[in-house]
Amino acid sequence: MFTIAPLTKLILTVFVTIWAILLQSIPALTLLITCQIIILVSTRVDIIVYKGIASLFIFAALLAGMQYLINHDTILAVVTASKMIAMTLVFFILLATTRMQDLSAALVLQCHVPYEYAFMLTAALRFIPDLLAESKAIQEAQACRGYSPQGNLIRRFFSYMAIIKPLVLKAVTRSETMALSLELRGFGNRKVRSFGNKITLNARDYALLICMVTLTSYLIIHIN
Amino acid sequence: MLELRKVHFAYKNQSHVIHDVSLTVTPGEFLAIVGRNGSGKTTLTRLIMSLIKPLRGDILFQGNIIPHCTPAKMAHHIGYVFQNPDRQIFHDTVTAEASYGPKQLGYTPEQTATFVNDALAVTGLSELANAYPLTLSKNQKQRLTIASALAMQPKMLILDEPTSGQDARQRDQLLQLLIKLNKQGTTILLVTHDMDLLSACAHRAIVMAKGHKVFDGTVAELFQDVLQLNNWGLTEPAALKISRQLAAVDVKPTTSISELSHHVATLFRRG
Amino acid sequence: MMSYIALRDFSYAYTHPKKVLDNINISIEKGSFSVILGPSAAGKTTLCLAIAGAVPHYFGGSSAGDVFVAGMNTQGSTMQHLALTVGTVLQDYETQLVTMTVEEEVAFSLENMGINPNEVAISVKETLLKVGLTGYEKVLVTSLSGGQKQRLVLASVLATNPKILVLDEPTSALDPEGTESLYRLLGQLNKEQGITVLVVEHDIASVLPHAHQFILLENGKLLASNTPENVLTFMASNQVYMEAIPPLWQLKLALECDTNYQFEPWRREQDAIAELHHRLQEGANKNA
């Protein structure tokens, strides 16, 4: 999975979304979900991905619950939740098996997305650990001033909110500095930008693409 | 007051970050903690503040072992000033910021107001009492974090590299403030790179190297072995370096520039 | 003849009328190592940004006078064009790092200029060697220490072979050894490759061995722009920002006051030791 070109995986994401929309039966959707989970397990991704998937399932269950409350239709609830899981799992596969730089290069060179937009994805990911470290540091500073989280969930929520302000302000300042620094490094001169990433499609990618198109056509015909 | 007994600590996936460190701090001391970046200086202070727990060994504060202690409990006795002021400020005015600590510790509003006024006065921020902290300069923010710690009436103050990024004037002001606080009885633990700062205010120093405590003694003793200092990534103050290498022409070793210049001037007049 | 970098009657205000720089006139020769010093809020960062072209292109604001960099007037040029000549390292180095790994970060600057991937790979290797980060290519940027991050930012700027390097407090996260090795590297680049270096630094002692020129600012005004010895003497005689005078020069100036000797313009402790040893030995021999 790691060696398949980013573009192929991007296209796969689109196709899987289409399949998730087209399929209506629970067995079919379950098959789609199972195949994706098999792919994930076989590519041996980091354990954090599984934690994310667990959260996804929990969220889908909540969604199914809400759907049931509205329609009192169990089948519809399960189908909706399954579609959601099927559509989201493929993003997990995409992001867990593709380097952001390669993905952004594919978006720019092959999908003709303007570089600045693709770059935003990578930069955001780069700063997420920093943001987490920042929020932990602020919590430590609060603790060192005598704050200890009390049992009451609401009170804890409000004091967590106290962290949000400095985090947001820091993020805003940071984005201003980053914009300045990028300009100082000659960023934005799209016409001449080069890419070192290896994102070209090989025979296996083309074979996969053909399979995806065939399968989609089959599904469309079959369902109609 | 504070005692560490054979403390071991390591972050996940790393070999020992703090290895078998024992240390005693008496009330009223001014202790400097020095060493290269990554030697464990900050980690040691985090262990003292209970932000992290030792894997082995004990930490005692005022005779009580603190295994189940939290930073919030330690805050009743120790004021911890982190290196980065931006991560320690979360209120809308300077006064509100400095009041946060005493409030959390359970002081009455009257007590809080008194402590805050005193703390702002000592750090020279009284005129900025209603200022919005994010509009302050880095140095003012640094002083605010110190004031916020002081407002909690700590017996001990731990400061992590408070002079980094400060200009020379601000550094001198901070130095005077720390000396004043120490004279008033606050025990101070100062993590620093600045050897001139250290020799001007600290009584005692410990050196950390790769997680081990490799030196524990007076500042004068610290500067005795130049080769060792260099091994530990430290330098001697300029006055000491110059005076030592002029021993052959009767110059006495000293850490003070003014002493050195008087002495050399005297030698010149003789000649 | 026009200097390599020149500011002529340059004033700048982010928001009128509060001037951050007021009527600045400075000349910097090609290949020189200049240090900008002064208390906080003196305008040092703004001066750096003016030379990089960010002021006024990026920040707007109102300006008067001209800034010339390598023969171009910054007002008539663009930041992208200036970026080919000027490499800037900002104070907030963390935010300058925008990619995931060390090698990607260095490659980023080169890719921005359209350099072909093979040359990029070679450049990355050479540059990481220069700053002492060889072997760290695949390491995640977020897991680097503060000092390593500062060195990485320098690497990413050096990779594009700028003729002018502007650094705003580049040693704030470094310990004394790290500071010494950074300035040794900059001094080397300055001497061997003729790169014009402009650095903002609080610790004068660390740059004294390498500097050709000191530029002293206070409250937006230029107080002195001259050789280090002249500026330090100026600071002492006019009692300006005296706290920044390094111990070495505090000694020299105090001695010159107490005795009637004039000492050499010392750059390092070794210079002082050598001269004092010589003079005191002479004196001792005379008496003997």
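Owing to the predicted nature of the structure, the values given are computational and were not obtained by experimental measurement.

A. Molecular detail of the overall build of chain C. When helices and strands are counted, chain C shows 12 helices and 10 strands. For 288 residues, the compact-globule estimate of 2.2 N^0.38 gives 19 Å, and the C-alpha radius of gyration of chain C, at 21 Å, lies within 12% of that figure. In terms of principal-axis extent, the alpha carbons of chain C reach across some 70 × 50 × 35 Å. The buried share of chain C, reckoned over its 288 residues, is 49%. Taking the intrachain contacts of chain C between residues at least 6 apart in sequence as the baseline, contacts between residues at least 24 apart amount to 65%.

B. Quick peek at the environment of I122(C). As for its placement among the helices and strands, I122(C) is situated in helix α6 (residues 117–131). Spatially, the C-alpha atom of I122(C) lies 9.9 Å from that of A107(C), the residues being 15 residues apart in sequence.

C. The arrangement of the sheet that holds strand β4 (residues 62–69) of chain C in detail. Residues and elements named next belong to chain C. The sheet built from four strands is open, its strands ordered β2-β1-β4-β5 with antiparallel pairing. Across the chains shown, the open sheet's two edge strands, defined by having one partner strand only, are β2 (21–28) and β5 (72–73). In the sheet, β4 pairs with β5 via two bridges, with the strands oriented antiparallel. For F68, the partnering residue across the bridge sits in β5 and is N73. Along the sheet face, helix α1 (residues 44–52) touches β1 (5–13), β2 and β4 and points at about 120° away from the line of β1.

D. Here's a closer look at the nonpolar core. In terms of nonpolar packing, the biggest core is built from 187 residues, with I33(B), I158(B), I51(C) and L198(C) touching the most fellow members. The contacts of I158(B), once residues within four sequence positions are left out, are T45(B), I48(B), M49(B), I78(B), Y80(B), V81(B) and L189(B).

Quick notes on the rules
- Residues numbered from 1 in each chain as written.
- Chains lettered and ligands numbered in written order.
- Predicted model: local features only at pLDDT ≥ 70, side-chain atom pairs only at ≥ 80, totals over all residues.
- Helix = DSSP H or I, 4+ residues; strand = E, 2+ residues; numbered from the N terminus.
- Rg over C-alpha atoms; globule rule 2.2 N^0.38 Å.
- Buried ≥ 20, exposed ≤ 12 C-beta atoms within 10 Å, placed from the backbone.
- Contact = placed C-beta atoms within 7 Å.
- Pairing = 2+ DSSP bridges.
- Axes fitted to C-alpha atoms, helices over the stretch in contact; angles between N-to-C directions.
- Core = buried A, V, L, I, M, F, W, Y, C linked by C-beta atoms within 7 Å.

Interpretation in functional terms is not warranted from these geometric data alone.
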